[in-house]
Amino acid sequence: MNLVLLGPPGAGKGTQAKLLEDSRSLVKLSTGDMLRAAVAAGTELGRKAGEIMERGALVPDELVINLIAERIDQGGGKGYIFDGFPRTIAQAEALDTLFKQRGKTLDRVVVMEVDDEALVERIAGRFACAKCGEGYHDLYKLPKVEGVCDACGSTEFVRRKDDNEETVRARLKAYHAQTEPLIDYYRRQGKVNAVDGMADIAAVADEIERALAGGSVKEAKKRAKTPG
Ligand code: AP5
Ligand code: MG
């Protein structure tokens, strides 16, 4: 199964992608993670992308499409979970083409619906293990033992550079202008399931599992959106 998790910054895409990776033996492909790795490694791509990410704008399509094309040729698991990709119509079309050329299908697009107001709080509280990347939140998901990563035992944690209020607002604006149109793009393909991203993490995971188990569910109910 190949699926896309679509939603605004802080919707919980990374959190749910990690859970699905474990529960369904899928491989998570997060363009945000790949770009941050390129920035940390100081590659040419990282130099191009870093400044754009700090502004909260989208990195040029060509760069992220190349990243994804390389990764899906490396194969993996029982399919892919795309986290943060595609983010523009051009990226969605490129993914359709890449899959078609490889005889693969995109099965489902899970749209995570969240109130804009809740996102800033979510993002501002987020941190991750510096060693293994396990994600945490100051209010909603603290390590079981204070200061020690549940997953790997490391005691070092990091916060993202683009997780400040001003940049979050720019990221939200980019989402509404450039990424939200993908919901209709995929709705036309009959692949959309919407889930309530405001529920707690385990409840969202359950709702996603139910949506994926639903087999032939074709359309998501259209829900009211907070205007951007
Ligand atoms: P990217 O890394 O993809 O960031 P994003 O889309 O802005 O989303 P986030 O990672 O901030 O949020 P998330 O939905 O993963 O939420 P999370 O699970 O962490 O992209 C960063 C930048 O890279 C972009 O701005 C752009 O510049 C560039 N980029 C990336 N891909 C690109 C592309 N395809 N094209 C062009 N440019 C691209 O959850 C957030 C927090 O909330 C966590 O602390 C979590 O623990 C907590 N949480 C999660 N779920 C819940 C819940 N249900 N209840 C309470 N708390 C929760
Ligand atoms: Mg993420």
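Draft legend 1. Focus on the overall build of the protein chain. Along the backbone of the protein chain there are nine helices and eight strands. Here the protein chain has a C-alpha radius of gyration of 17 Å; the compact-globule value for 228 residues is 17 Å, and the two agree. Its C-alpha atoms give the protein chain principal-axis dimensions of roughly 45 × 40 × 35 Å. Looking at the protein chain as a whole, 47% of its 228 residues are labelled buried. In the form shown here, the protein chain has an accessible surface area of approximately 11600 Å², with 51% of it arising from carbon and sulfur atoms. Taking the average location of the 35 positive side-chain charges in the protein chain and that of its 36 negative ones, the two points are 4 Å from each other.

Draft legend 2. Main features of the packing of helix H2 (residues 31-41) against helix H4 (residues 61-72). Taken N-terminus to C-terminus, the directions of H2 and H4 make an angle of 100°; their axes are 11 Å apart at the nearest point. Taken together, the axis directions place H2 and H4 in an arrangement best described as roughly perpendicular. Along its contact with H2, which presents Thr 31, Met 34 and Leu 35, the element H4 presents Val 64, Leu 67, Ile 68 and Arg 71.

Draft legend 3. Quick look at the site of ligand 1. In the neighbourhood of ligand 1, 34 residues make up the surrounding shell, with Thr 15, Thr 31, Ala 57, Arg 87 and Arg 171 lying closest. Within the backbone of Ala 57, one N or O atom sits 2.5 Å away from an oxygen atom of ligand 1. Take Arg 87: an N or O atom from its side chain is 2.5 Å from an oxygen atom of ligand 1. Computed on the free molecule, ligand 1 has an accessible area of 1000 Å², of which 95% lies beneath the protein chains in the complex. Listing elements by their share of the shell around ligand 1, those giving two or more residues are helix H1 (13-24), H2, strand S6 (135-137) and helix H9 (201-213).

Draft legend 4. How the structure looks around helix H5 (residues 89-101). With 13 residues, H5 should reach 18 Å at 1.5 Å per residue; the first-to-last C-alpha distance of 18 Å fits that figure. All of the buried residues along H5 are Gln 91, Ala 92, Ala 94, Leu 95, Leu 98 and Phe 99. Viewed end-on, H5 has its buried residues packed into an arc of 160°, placing them on one side of the element. Exposed side chains of H5 directed beyond 90 degrees from the buried face belong to Lys 100 and Gln 101. Of the surrounding secondary structure, the elements contacted by the buried residues of H5 are strand S1 (3-6), H4, strand S3 (80-83) and helix H8 (181-188). Looking one or two places after H5, you find Gly 103, whose phi comes out positive at around 70°.

Draft legend 5. Molecular detail of the packing of H2 against helix H3 (residues 44-55). Where H2 contacts H3, the two axes come as close as 8 Å, and the packing angle between them is 115°. With respect to the hand of their crossing, H2 and H3 are arranged in left-handed fashion. For the pair formed by H2 and H3, the contact residues are Gly 32, Leu 35, Arg 36, Ala 38 and Val 39 on the first element and Leu 45, Gly 46, Ala 49, Gly 50 and Met 53 on the second. Across the contact of H2 with H3, the residue classes break down as six nonpolar, three polar and one charged.

Draft legend 6. Spatial organisation of the confidence of the model for the protein chain. On average, the protein chain scores 91 in pLDDT, and the residues at 70 or more come to 94%. This model gives residues 216-228 a pLDDT under 50, and the stretch forms 32 contacts once residues within four places in sequence are excluded.

The rules behind these values
Residues numbered from 1 in each chain as written. Chains lettered and ligands numbered in written order. Predicted model: local features only at pLDDT ≥ 70, side-chain atom pairs only at ≥ 80, totals over all residues. Heavy atoms only, no water. Helix = DSSP H or I, 4+ residues; strand = E, 2+ residues; numbered from the N terminus. Rg over C-alpha atoms; globule rule 2.2 N^0.38 Å. Buried < 20%, exposed > 50% of the residue type's maximum accessible area, 1.4 Å probe, protein only. Areas by Shrake-Rupley, 256 points an atom, 1.4 Å probe, with all protein chains shown as cover. Lys, Arg positive; Asp, Glu negative; His and termini not counted. Charge placed at Lys NZ, Arg CZ, Asp CG, Glu CD. Axes fitted to C-alpha atoms, helices over the stretch in contact; angles between N-to-C directions. Parallel < 35°, antiparallel > 145°, perpendicular 65-115°, else oblique. Contact = heavy atoms within 4.5 Å. Near = heavy atom within 4 Å. Polar contact = N/O pair within 3.5 Å; in protein donor to acceptor, adjacent residues only side chain to side chain. Expected span 1.5 Å × (residues − 1). Arc of directions from axis to C-beta. Left-handed = near helix turned anticlockwise from the far one by under 90°. Nonpolar A, V, L, I, M, F, W, Y, C, P; charged D, E, K, R; others polar. pLDDT = per-residue confidence, 0-100.

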